[in-house]
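Listed below are the residues making up each chain.
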Amino acid sequence: MKKIAIALVALLPFAGAAQAQTVKDLLATMRAKWNAPAEPFKMIGNVYYVGTEGLASYLITSPQGHILVDTVMPESTALITANIEKLGFKVTDIKFILNTHAHIDHTGGLAEIKRASGARLVAGEADKSLLEGGYYPGAEDVDALNFPPVKVDRTVREGDKVTLGDVTLTARETPGHSPGCTSWEFAVKDGDASRSALIFCSGTVALNRLVGDPTYFGIVDDYRKTFARARDMKVDVLLAPHPEMYKMPEKRAKLSEGGPNPFVNPGEFNTYAATLEKAFEDSLAKQTAALKEKKG
C-alpha cells in the first residue's frame, strides 16, 4: 500500500502539498476531475468524444453499429451512456467495446455497458486476466484500484483487426503501462481527406514499479519496445485515454473557429512519445537509485 501511495503522489501536479494525504484522499482528488461531466461532441469524421472531463471514451460510428473505446470510473458510467444518447446514438447499437488497458479509470464501466449493449469486448491478450479479475497488476490487495470484472470475448495481438461495416481498427501492441496495453489505429475522414488516427494506450509510468519487485516481469523491456515502435509510427490524429495527453480542451475550443480540424496534427504523437520515453528513463533511474540506497 505504501508503494502505491508514493506512486499516486507522483501523479498529481501539486505533489508537494499532497504527500501528507492518504491513498484514499489522493484517489478522491483525482476522482473530482475524472468524474466531472463533459459535453459530448464530434471530433473528426465519425469519431465522437463521450467521456468525462478527465477520462476519455470514444464512440466510432457506422451504419452497421458502433464501436466504443474505453469507459470511465464505475460510478460515472451513466455519464457515458447519457452522452451517447445526447448525440442521438443508442447504447444498444454498440457492437464492439475496445479497451486500451486494464486500469480502473478506463475499465470501470466495461461490465455495465457490455450488459446494456450486448457488445463484444476486445482487449490485449496480456490484459485478459486483469480484466476478468478486476484488479491492477501487482496490486491485487489494493481494493481502491479494483473494478467490476468483465468477460473478454476476444483478445488481440499486434496487427489484429476489428471490423464493423466500413470501419476497421488495427491493434498496435504498446505494452508497459499495462502488460496488454493496446493502441488502436484506424483511418478517419477529414472532409475529402483520409487521416491516420491513433487512440494511444499510454506510456506513462504512473503506479508502476520498474525495479526490485516490478509490477510485472519484463515491464522495462516492454516500455522500451513501445517507445521504439512509436518512433516509426505515422499518425495524423492523436487521441488518448486522458484528454490532457493531447490537449483536447484547447483543440475542442478551436473547432468552433472554423478552418482546418485542430485534431489533425501530424508528428504530435512522435513528439509526445519522445517526452514519455525521457520521463520513463528518468523514473527508471530514480527507482534504481532508491532501491540501491535501500539495500545500502
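The paragraphs below set out a description of the structure included in this document.

About the criteria used
Residues numbered from 1 in each chain as written. Predicted model: local features only at pLDDT ≥ 70, side-chain atom pairs only at ≥ 80, totals over all residues. Heavy atoms only, no water. Buried < 20%, exposed > 50% of the residue type's maximum accessible area, 1.4 Å probe, protein only. Helix = DSSP H or I, 4+ residues; strand = E, 2+ residues; numbered from the N terminus. Pairing = 2+ DSSP bridges. Right-handed = clockwise from strand over helix to strand, strands pointing away. Contact = heavy atoms within 4.5 Å. Axes fitted to C-alpha atoms, helices over the stretch in contact; angles between N-to-C directions. Parallel < 35°, antiparallel > 145°, perpendicular 65-115°, else oblique. Left-handed = near helix turned anticlockwise from the far one by under 90°. Nonpolar A, V, L, I, M, F, W, Y, C, P; charged D, E, K, R; others polar. Salt bridge = Lys/Arg side-chain N within 4 Å of Asp/Glu carboxyl O. Core = buried A, V, L, I, M, F, W, Y, C linked by side-chain atoms within 4.5 Å.

### Structural notes on the pairing of strand 6 (residues 120-124)
Item 1. Of all five residues making up strand 6, four are buried, and the element is well covered by its neighbours.
Item 2. Two elements, strand 5 (residues 94-98) and strand 6, share three bridges in a ladder whose sense is parallel. Bridge pairing in strand 6 places Phe96 opposite Arg120.
Item 3. Pairing of strand 6 with strand 7 (residues 154-156), which is carried by three bridges, proceeds in the parallel orientation. Bridge pairing in strand 7 places Gly124 opposite Val156.
Item 4. Following the backbone out of strand 6, through helix 7 (residues 128-133) and into the adjacent parallel strand 7, one traces a crossover that is right-handed.

### Re the side chain of Glu268
Item 1. If you trace the backbone, Glu268 turns up in helix 10 (residues 268-295).
Item 2. With residues up to four places along the chain from it excluded, the contact list for Glu268 reads Leu238, Tyr246 and Lys251.

### Description of the packing of helix 8 (residues 219-231) against helix 10
Item 1. The interhelical angle for the contact between helix 8 and helix 10, taken along N-to-C directions, is 155°, at an axis separation of 9 Å. Overall, the two elements helix 8 and helix 10 adopt an arrangement that is roughly antiparallel. Regarding helix 8 and helix 10, the two cross each other, and that crossing is left-handed. Of the residues in helix 10, those in contact with Val220, Tyr223, Arg224, Phe227, Ala230 and Arg231 of helix 8 are Phe269, Asn270, Ala273, Leu276, Glu277, Phe280, Glu281 and Leu284.
Item 2. Within the contact of helix 8 with helix 10, the residues separate by chemical class into nine nonpolar, one polar and four charged.

### Brief notes about unusual backbone geometry
Item 1. One non-glycine residue with positive phi stands out, namely Ala206, at about 50°.
Item 2. Relative to the assigned elements, Ala206 resides in the loop between strand 11 (193-199) and helix 8.
Item 3. The exposure class of Ala206 is partly exposed, given its relative accessible area of 23%.
Item 4. Despite not being glycine, Lys247 shows a phi value in the positive range, around 55°.

### Observations regarding the pairing of strand 10 (residues 182-190)
Item 1. Summarising burial for strand 10: seven of the nine residues are buried, a large majority.
Item 2. Relative to strand 10, strand 9 (residues 167-173) runs antiparallel, the two sharing four bridges. Within the sheet, the bridge partner assigned to Glu173 lies in strand 10 and is Thr182.
Item 3. Hairpin connection from strand 10 to strand 11: two residues lie between these consecutive antiparallel strands, with Gly191 at a positive phi of about 65°.

### Concerning the pattern of salt bridges
Item 1. Scanning the model with the defined rule gives 17 salt bridges in all.
Item 2. Note that Glu185 and Arg172 form a salt bridge whose closest N and O atoms lie 3.3 Å from each other. Within this pair, whereas Glu185 is found in strand 10, its partner Arg172 is found in strand 9, the two being separated by 13 residues in sequence. Comparing Glu185 with Arg172, the two get one shared label, buried.
Item 3. With a closest N to O distance of 2.7 Å, Lys251 and Glu268 form a salt bridge. Of this pair, Lys251 sits in helix 9 (residues 248-255) while Glu268 is found in helix 10, placing the two residues 17 residues apart along the sequence. A single burial state applies to Lys251 and to Glu268, both of which are buried.

### A word on the nonpolar core
Item 1. One finds Met43, Tyr58, Trp184 and Tyr246 to be the most contacted residues of the largest nonpolar core, which totals 51 residues.
Item 2. Tallying contributions element by element places helix 10 first for this core, with six residues.
Item 3. Of all hydrophobic cores here, the second largest spans 34 residues; its members include Val72, Phe89, Ala119 and Leu130.

### Looking at the sheet that holds strand 1 (residues 41-44)
To summarise the sheet geometry, strands pair through backbone hydrogen bonds and adopt either a parallel or an antiparallel arrangement.
Item 1. Overall, mixed pairing links the seven strands, which are arranged 1-2-3-4-5-6-7 in an open sheet. Of all the strands in the sheet, just strand 1 and strand 7 have a single pairing partner and so form its edges. The mean inter-strand angle of the sheet, taken between neighbouring strand axes irrespective of direction, is 25°.
Item 2. Each of strand 4 (65-69), strand 5 and strand 6 touches helix 6 (residues 110-117); the most contacted strand, strand 5, lies at about 165° to it.

### Here's the deal with the sheet that holds strand 10
Item 1. If you trace the five strands from one edge of the open sheet to the other, you get 8-9-10-11-12, paired in mixed fashion. Strands at the two margins of the open sheet, each flanked by one partner only, are strand 8 (161-164) and strand 12 (237-239). On average, each strand axis in the sheet is tilted by 25° relative to the strand beside it, whichever way the strands run.
Item 2. Pairing of strand 10 with strand 11 involves seven bridges; the strand directions are antiparallel. Pairing of Asp190 across the sheet is with Ala193, part of strand 11.

Read these as geometric descriptors, not functional statements.
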